[in-house]
Amino acid sequence: QGKREIAAFFANVAHETGRLCFINEINGATRNYCDASNRQWPCVAGKNYYGRGPLQLSWNYNYGPAGRDIGFDGLRNPDIVSQNPVISFKSALWFWMNNVHGVMPQGFGATIRAINGNLECNGKNPGAVNSRVNYYKQYCQQLGVDPGNNLTC
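Residues numbered from 1 in each chain as written. Predicted model: local features only at pLDDT ≥ 70, side-chain atom pairs only at ≥ 80, totals over all residues. Heavy atoms only, no water.

S.K.: Please explain the packing of helix α1 (residues 2–17) against helix α5 (residues 108–120) as it appears in this structure.
M.R.: Think of two packed helices as two axes; the pair is described by the angle between the axes and how far apart they sit. Viewed as axis vectors pointing N to C, α1 and α5 meet at an angle of 25°, and their least axial separation amounts to 9 Å. Taken together, the axes of α1 and α5 lie roughly parallel to each other. Between α1 and α5 lies a crossing of right-handed hand. On α5, the residues that touch A8, A11, N12, H15 and E16 of α1 are F108, T111, I112, I115, N116 and E120. The class makeup of the residues in the contact of α1 with α5 is 5 nonpolar, 4 polar and 2 charged. (Axes fitted to C-alpha atoms, helices over the stretch in contact; angles between N-to-C directions. Helix = DSSP H or I, 4+ residues; strand = E, 2+ residues; numbered from the N terminus. Parallel < 35°, antiparallel > 145°, perpendicular 65-115°, else oblique. Left-handed = near helix turned anticlockwise from the far one by under 90°. Contact = heavy atoms within 4.5 Å. Nonpolar A, V, L, I, M, F, W, Y, C, P; charged D, E, K, R; others polar.)

See below:
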């Protein structure tokens, strides 16, 4: 199970970043991902909460608590996730442990749903799902572990 989880993490990172080529979401600066109704983690004027880092941390309600837990001001300085490599990977691991790790026993498809299900699952973007699954199978092969069941969402 541990090797599957490592394969799943790196498969999702490979997909999200184009094999670690992009630290920022493509065209991300044109998107804000501010949930203005979230009063616990209010958006800061002039700041954008688009995807950054290995798992493309997005939305004010993720930047706020990630920053609190890791030790940076996620709401006032979301850019640090793409500027500081340690914070960048810590943010990816924070997101994984808080949102994805718990669904691993349900299969790789559950990780896709936890990361980007509303945009990719249920036939919304089969190309993205297939990309993630292909990376996962490659990493499982490299680690010598069977990918298991429930690969898609």
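Structure shown, so let's carry the discussion forward.
S.K.: Is there a simple way to explain the side chain of N116 in this structure?
M.R.: Position of N116 relative to the elements: it lies in helix α5. Within the structure, N116 has its side chain in polar contact with the side chain of E120 (distance 2.9 Å). Sequence-distant contacts of N116, that is, excluding residues within four places in its chain, are made with E16, C121 and R132. (Polar contact = N/O pair within 3.5 Å; in protein donor to acceptor, adjacent residues only side chain to side chain.)

S.K.: What am I meant to see in the nonpolar core here?
M.R.: Side chains that are nonpolar tend, in soluble globular proteins, to be buried together. Core analysis: the biggest nonpolar cluster contains 35 residues, and L55, L57, F95, W96, F108 and Y136 have the highest contact counts within it. At the level of secondary structure, the elements contributing two or more residues to this core comprise α1, α2 (60–70), α3 (80–83), α4 (85–100), α5 and α6 (126–143). (Core = buried A, V, L, I, M, F, W, Y, C linked by side-chain atoms within 4.5 Å. Buried < 20%, exposed > 50% of the residue type's maximum accessible area, 1.4 Å probe, protein only.)

The values are spatial; any link to function lies outside them.
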